[in-house]
Amino acid sequence: MSHLTRTHKEFSEAELQEIVSLYQAGKTTRELGEMFKVSKNTIGRLLREQGVEITRSKAQARLNAKKVISMYEDGLTSTQIAKQLGVGAQVILRCLKNHGVKIKSRWDYEQK
């Protein structure tokens with residue numbers, strides 16, 4: 001994400017309601033952060049201030065675990081998979097770990 005240009009004090013009531021609605025409709029804090037040009041942490045704080053319960057599994061629930069595992073076994077890194085699927089690398093790592101996949105170190109990848 002490029003330079004962050006807004007703080008939570010600059011959001012109008014209508015924008016706050018839109019953030020809440022979009023989050024409840026399935027958007028992740030990361031996606032909302034990109035949309036509103038703030039960090040995912042700012043979005044999380046705004047949502048909590050609005051009384052919304054934050055879940056860590058929104059992005060995880062949308063992943064196709066078999067596809068993630070296949071991509072990882074084909075040699076892609078968690079960062080590469082994350083970029084292709086539009087989630088954070090930690091989401092990919094959590095998915096892999098939850099499905100019993102051994103996480104590779106950087107030394108396990110072939111050097112190009």
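Parameters at a glance
- Residues numbered from 1 in each chain as written.
- Predicted model: local features only at pLDDT ≥ 70, side-chain atom pairs only at ≥ 80, totals over all residues.
- Heavy atoms only, no water.
- Buried < 20%, exposed > 50% of the residue type's maximum accessible area, 1.4 Å probe, protein only.
- Helix = DSSP H or I, 4+ residues; strand = E, 2+ residues; numbered from the N terminus.
- Phe/Tyr/Trp six-rings, centres within 6.5 Å; stacked < 30°, edge-to-face > 60°.
- Lys NZ or Arg CZ within 6 Å of the ring centre and 35° of its normal.
- Core = buried A, V, L, I, M, F, W, Y, C linked by side-chain atoms within 4.5 Å.
- Contact = heavy atoms within 4.5 Å.
- Axes fitted to C-alpha atoms, helices over the stretch in contact; angles between N-to-C directions.
- Parallel < 35°, antiparallel > 145°, perpendicular 65-115°, else oblique.
- Left-handed = near helix turned anticlockwise from the far one by under 90°.
- Nonpolar A, V, L, I, M, F, W, Y, C, P; charged D, E, K, R; others polar.

Thr42, Ile43, Gly44, Leu46 and Leu47 are the residues of helix H3 (residues 40-49) that are buried. Gly51 sits one or two residues past H3 and shows a positive phi near 85°.

Okay, the packing of aromatic side chains next. Applying the stated criterion across every chain yields a total of one aromatic pair. Between the NZ or CZ atom of Lys104 and the centre of the ring of Tyr72, over which it lies, the distance is 4.8 Å.

A few words now on helix H2 (residues 29-36). Of the positions making up H2, those classed as buried are Thr29, Glu31, Leu32, Gly33 and Phe36. Lys37 occupies a position one or two residues after H2 and carries a positive phi of about 60°.

Turning our eyes to something else, we now look at the nonpolar core. Judged by nonpolar contacts, the single largest core of 15 residues is most densely connected at Leu63, Val68, Tyr72, Ile81, Val87, Ile92 and Leu96. Put simply, the parts of the chain that give this core at least two residues each are helix H5 (65-73), helix H6 (78-85) and helix H7 (89-98). The leading source of residues in this core is H5, at five residues. Non-local contacts of Tyr72, meaning those with residues more than four positions away in its chain, are made with Ser78, Ile81, Leu96, Val101, Lys102, Ile103, Lys104 and Tyr109.

Turning our eyes to something else, we now look at the packing of H5 against H6. Contact geometry for H5 and H6: axes closest at 10 Å, N-to-C directions at 135°. Classified by the angle their axes make, H5 and H6 are oblique. Here the hand of the crossing between H5 and H6 comes out right-handed. Every residue of H6 that contacts H5 at Lys67, Val68, Met71 and Tyr72 is listed here: Ser78, Ile81, Gln84 and Leu85. When its residues are assigned to classes, the contact of H5 with H6 shows five nonpolar, two polar and one charged.

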